[in-house]
Amino acid sequence: QVQLVESGGGLVQAGGSSRLSCAVFGGVFSFTSMGWYRQAAGKQRELVATINNGADITYADSVKGRFTMSRASADNTVFLQMNSLKPEDTAVYYCQADLFVGRGLAAVTYWGQGTQVTVSS
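Keep in mind that this is a model prediction, so the values were computed, not measured.

**Q** With reference to specific residues and values, describe the overall build of the chain.
**A** Counting secondary structure elements, the chain contains 0 helices and 11 strands. Going residue by residue from the N terminus, the α and β elements of the chain occur as β-β-β-β-β-β-β-β-β-β-β. Against the 2.2 N^0.38 benchmark of 14 Å for 121 residues, the chain shows a C-alpha radius of gyration of 14 Å, consistent with a compact globule. The principal-axis extents of the C-alpha atoms in the chain amount to approximately 50 × 25 × 25 Å. Considering only contacts in the chain between residues 6 or more positions apart, those separated by 24 or more positions represent 54%. Total accessible area on the chain stands at roughly 6,500 Å², and carbon and sulfur atoms take up 48% of it.

**Q** Provide a residue-level description of the state of the cysteines, including the pertinent values.
**A** Inspection of the entire model under this criterion finds 1 disulfide. One disulfide bridge connects cysteine 22 with cysteine 95, the sulfur atoms lying 2.1 Å from each other. Judged by the sign of its S-S torsion, about -85 degrees, the cystine formed by cysteine 22 and cysteine 95 is left-handed. Of the two residues, cysteine 22 is situated in strand β3 (residues 18-25) and cysteine 95 in strand β9 (residues 91-101); the sequence distance between them amounts to 73 residues. With respect to burial, cysteine 22 and cysteine 95 carry one shared label: buried.

**Q** Give a detailed account of unusual backbone geometry, specifying residues and quantitative values.
**A** The phi dihedral of serine 84 falls on the positive side, at around 50 degrees, and the residue is not glycine. Structurally, the position occupied by serine 84 is in the loop between β8 (77-82) and β9. We classify serine 84 as partly exposed; its relative accessible area is 40%.

**Q** Describe the packing of aromatic side chains, naming the residues involved and giving the relevant values.
**A** Note on aromatic pairs: each is described by the distance of the centres and the angle between the planes. Scanning the entire structure with this criterion turns up 2 aromatic pairs. Arranged with centres 5.1 Å apart and planes meeting at 65 degrees, the rings of tyrosine 37 and tryptophan 111 form a pair that is edge-to-face. Of the two residues, tyrosine 37 is situated in strand β4 (residues 29-39) and tryptophan 111 in strand β10 (residues 108-111); the sequence distance between them amounts to 74 residues. Residue class for tryptophan 111 comes out partly exposed when judged on its relative accessible area of 37%. Between tyrosine 94 and tryptophan 111, the ring centres sit 6.5 Å apart and the planes meet at 85 degrees, which makes this aromatic pair edge-to-face. Of this pair, tyrosine 94 sits in strand β9 while tryptophan 111 sits in strand β10, placing them 17 residues apart in sequence. One aromatic cluster in this structure is built from Tyr37, Tyr94 and Trp111. Sitting over the face of the ring of tyrosine 94, arginine 45 holds its NZ or CZ atom 3.8 Å from the ring centroid. Across the ring face of tryptophan 111, the terminal group of arginine 45 is positioned such that the distance to the ring centre comes to 4.6 Å.

Conventions and cut-offs
- Residues numbered from 1 in each chain as written.
- Predicted model: local features only at pLDDT ≥ 70, side-chain atom pairs only at ≥ 80, totals over all residues.
- Heavy atoms only, no water.
- Helix = DSSP H or I, 4+ residues; strand = E, 2+ residues; numbered from the N terminus.
- Rg over C-alpha atoms; globule rule 2.2 N^0.38 Å.
- Contact = heavy atoms within 4.5 Å.
- Areas by Shrake-Rupley, 256 points an atom, 1.4 Å probe, with all protein chains shown as cover.
- Disulfide = S-S within 2.5 Å.
- Buried < 20%, exposed > 50% of the residue type's maximum accessible area, 1.4 Å probe, protein only.
- Phe/Tyr/Trp six-rings, centres within 6.5 Å; stacked < 30°, edge-to-face > 60°.
- Lys NZ or Arg CZ within 6 Å of the ring centre and 35° of its normal.

Rendered as structure tokens:
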């Protein structure tokens with residue numbers, strides 16, 4: 001079965017940087033799109049960044065100019081580089097992937113386990 005495994009996160013001071021990664025495991029699949037979402041305590045989950053077909057990247061307005069998403073197709077891994085972090089960036093960050101697995105006729109959405117990013121003031 002497909003599994004998304006996240007790494008990184010932790011505690012960082014305001015103005016600092018952090019880097020998240022998300023690796024996809026689980027046999028044969030075809031990439032459609034991947035994204036990063038985050039959910040702060042008591043808030044709804046929100047989109048942070050998405051990448052489509054390894055080319056088009058879209059960012060939420062709140063992170064433009066500070067966060068950078070990238071993908072290493074050979075390693076089935078995506079990254080989120082976070083710079084100039086603010087306390088309001090504090091949240092659980094989730095990796096998401098829409099993938100065709102095996103001979104599936106429709107893309108299926110998968111989620112990583114989530115990783116906590118805490119930005120101290």
